[in-house]
Amino acid sequence: MLEIKNLHVKLEEEDKQILKGVDLTVEAGKVHAIMGPNGSGKSTLSYVLSGRDGYEVTAGSAHLDGKDLLEMEAEERAAAGLFLAFQYPVEIPGVGNMTFLRTAVNAQRKARGQEEMSATEFLKVVREKAKTLKIDADMLKRPVNVGFSGGEKKRNEILQMAMLEPKMCILDETDSGLDVDAMKLVSEGVNALRDAGRGFLVITHYQRLLDHIKPDVVHIMANGRIVKTGGPELALEVENNGYADILGEAV
Amino acid sequence: MADLAVKSDPTEDRLAALTMPSCGAWGRAVREAALARLRSTGLPGRRDEYWKYTRPDTLTQANVVPAAVFQNDELPPFEGLERLKLVFVDGVFDADASDDLAETGLEIERLETAMAQDIHWAKDLYGVLETNGQTPVARPLAALNSAYASDGIVLRVTAPVARPISMIYRHENLNSDAILHHVIRVEKGASVSVLENGPAAARLNKVMEVDVADGAAFHHVRAQGRDHERRAATHIFARLGTESRFKSFTMTVNGVLTRNECVIELLGDNAQAHVAGAALGDGDFHHDDTVFITHDAVNCESRQVFKKVLRNGATGVFQGKILVKPGAQKTDGYQISQSLLLDEDSNFLAKPELEIYADDVACSHGSTSGAIDDDALFYLRSRGVPLADAQDLLVLAFLAEAVDEIEDEDLREHVSARLSGWLERHRS
Ligand SMILES: Nc1ncnc2c1ncn2[C@@H]1O[C@H](COP(=O)(O)OP(=O)(O)OP(=O)(O)O)[C@@H](O)[C@H]1O
Ligand SMILES: [Mg+2]
């Protein structure tokens, strides 16, 4: 589903190489986790895949279902089924959360040649999904993420994901800032979306999230590369011993 | 050597091109007095401090710069709303195109009719609020207006009026030079909404004097005409009584030059004045909001919310002042002026001022100018919203605080729809 080959990325403004040859394939129906020290390039990878400005791909490729992601605009990637739950969700004063969701859902439908969702249908679906994430009506009315707590912002990301039903979901530290109960809610939200046609790339620092969202494959990223790939036990190893051993043996 | 004595005087040049309309005795007297006020200051020139950011010459000179009539097939603003229509064509009242000047709770007269009669409340207002508004800053174009206004209405509201009074200003003549003056008195406990739309003329000089009595309410929503080449200098002078409310919102899209001055005096306790504006300019566009609010009573609230979206070298100006007089305790004054610059060629010049002579007041002001937030733009796009739609959404979000000042939901939606329409037509 998602195929990344030898991806090299530098900053556009500076001569700073951040990704130095990332190879990664996520198959449909699978959950892959990426762990790795701060600054190793995990968020950069997720931004480059979703089409944020400011980066220059100097080598390599990224494809979603055979389509060249790097050739597409951010909105085209979204319509093609890519979704990024942001590490730091953005506040948008003046745009209501509901308007935002509806605009996004209908824009993607339009791009795929589908009919727009009617206002009543949309309302029904959004209320249902918000309820399972314990997002109240007030949060839906407020401007996007403005004044939301850290945990509320993360739940709002998962609500967007649930509404957009993407094929390939990248979650960048969705667990950070969540209390124990919210972690469960968010994980349940993610698990509810798991199916044979959907892939997940879950970026996290903690085993705790992976207790709820069981990964099929775990990757360790360091210094702009995937340095080790293994099963769920790799995450436990990191949890217990940190990165020193793994990085030591990778070097 | 050149003889300085024969150098022409711009004020006298302008006056020579004008004729004072004939009217009754009191009309004559107030017009002459206004002319004297104008002569005492002269018309503003380039070095005038109050006109530092806006060149007054095309507004003050004798000759009108011709303005093409903008043809488009859109419905005019406020179409479909239940309202009493008063139509002016190039600054001249058109009775045939207008509704009957009869409405419960209202007395309406055309200015020339009122000036020929002895209508005491009109006599007490015409040029009076304008005169008060000449200090501490002179507003010569408003004095010129009081002296030479050729049309307008006088309106007295004696009860809550259901239908808005809608003034429609058509522009048909390339060279029209209109001077309109309206006088509105909202009596105790009465309320009215006044709508204005249309370019009015190639050049418009308009004054509206509004006297809001105790417990009365005045709502004003204006959509200035879209003709690209039109010029306008407008003044609103308002006086507010105890527990009265004044709300004014102006939308400006296009127009080569607009100077909107708003001068408000809060004279009764617990009064509330809100002035707001949303201006969108693309290219040859200069828009100036100049506001002066005087708090002269206890526990009053004032809000100024002005937002401008500028691109392709458009210029926005904001000069806003809150003056809190001694004794005007518990004043709550808020002022914000912001511009969204869609490129690096556009300009925003702001001069926010506070002058406070009371100790128990809460006043704030803020002025910013900036570009569209790239992070917000990417966030929207990452959710599938196409670039142009995402930009429009963020522009409308930027304008929302001003548009939300319109209390009536239908009117607010009319205005929002027009703003989105403009954005769609002006995509880069
Ligand atoms: N726009 C930028 N300007 C300068 N440096 C940048 C920029 N974006 C990323 N970097 C640098 O690139 C490196 C990788 O950053 P990235 O955010 O991808 O790390 P990360 O693995 O997500 O870290 P964390 O676990 O702390 O979230 C860091 O050294 C970071 O400082
Ligand atoms: Mg990160």
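Residues numbered from 1 in each chain as written. Chains lettered and ligands numbered in written order. Predicted model: local features only at pLDDT ≥ 70, side-chain atom pairs only at ≥ 80, totals over all residues. Heavy atoms only, no water.

1. Describing the sheet that holds strand 13 (residues 272-282) of chain B
Residues and elements named next belong to chain B.
Consideration 1: The strand order across the open sheet formed by 10 strands is 2-1-5-7-9-11-13-15-17-19, and the pairing between neighbours is mixed. Each having just a single partner strand, strand 2 (92-93) and strand 19 (362-370) make up the two edges of the open sheet.
Consideration 2: Strand direction decides the pairing type here: strand 1 (residues 84-89) and strand 2, joined by two bridges, are antiparallel. Within the sheet, the bridge partner assigned to phenylalanine 88 lies in strand 2 and is phenylalanine 93.
Consideration 3: On the sheet, helix 9 (residues 387-403) packs against strand 11 (245-253), strand 13, strand 15 (301-311) and strand 17 (332-341) and is oriented at approximately 155 degrees with respect to strand 15.
Consideration 4: Lying on the sheet, helix 10 (residues 409-425) is in contact with strand 7 (191-198), strand 9 (217-224), strand 11 and strand 13; it crosses strand 11 at an angle near 20 degrees. (Pairing = 2+ DSSP bridges. Helix = DSSP H or I, 4+ residues; strand = E, 2+ residues; numbered from the N terminus. Contact = heavy atoms within 4.5 Å. Axes fitted to C-alpha atoms, helices over the stretch in contact; angles between N-to-C directions.)

2. Examining the site of ligand 1
Residues and elements named next belong to chain A.
Consideration 1: If you check the shell around ligand 1, you find 15 residues, and the closest are Gly39, Lys42, Ser43, Thr44 and His205.
Consideration 2: A distance of 2.5 Å separates an oxygen atom of ligand 1 from a polar atom in the side chain of threonine 44.
Consideration 3: The separation between an oxygen atom of ligand 1 and a polar side-chain atom of glutamine 87 is 3.2 Å.
Consideration 4: Tallied by class, the residues present in the shell around ligand 1 amount to three nonpolar, eight polar and four charged. (Near = heavy atom within 4 Å. Polar contact = N/O pair within 3.5 Å; in protein donor to acceptor, adjacent residues only side chain to side chain. Nonpolar A, V, L, I, M, F, W, Y, C, P; charged D, E, K, R; others polar.)

3. Here we look at helix 6 (residues 150-164) of chain A
Residue and element names in this part refer to chain A.
Consideration 1: When the terminal C-alpha atoms of helix 6 are compared, their 22 Å separation across 15 residues agrees well with the 21 Å that a helix rising 1.5 Å per residue should span.
Consideration 2: In terms of burial, helix 6 is a largely internal element, 13 of the 15 residues being buried.
Consideration 3: Among the residues trailing helix 6, glutamate 165 stands out with phi positive, at a value near 45 degrees. (Expected span 1.5 Å × (residues − 1). Buried < 20%, exposed > 50% of the residue type's maximum accessible area, 1.4 Å probe, protein only.)

4. Considering the interface of chain B and chain A
Consideration 1: Every contact between the two is made by 15 residues of chain B and, on the other side, 29 residues of chain A.
Consideration 2: Carbon and sulfur atoms make up 67% of the area that chain B and chain A hide from each other, which totals about 1,800 Å².
Consideration 3: Three residues, B:Phe378, B:Tyr379 and B:Arg383, lead the burial of chain B against chain A; their summed loss comes to 44% of the area buried on that side.
Consideration 4: Applying the counting rule to chain B against chain A returns four salt bridges.
Consideration 5: Two residues, A:Glu75 and B:Arg381, come together in a salt bridge whose shortest N-O distance is 2.6 Å.
Consideration 6: Between chain B and chain A we count 11 residue pairs in polar contact (both at pLDDT 80 or more) in total.
Consideration 7: Mapped onto the side of chain B that touches chain A, the elements with two or more residues apiece are helix 8 (374-382) and helix 9 of chain B.
Consideration 8: Examining the composition of the side of chain B that touches chain A, we find that seven residues originate from one element, helix 8 of chain B, more than from any other.
Consideration 9: Counted by class, the side of chain B that touches chain A contains 10 nonpolar, two polar and three charged residues. (Buried area = accessible area lost by both parts, 1.4 Å probe. Salt bridge = Lys/Arg side-chain N within 4 Å of Asp/Glu carboxyl O.)

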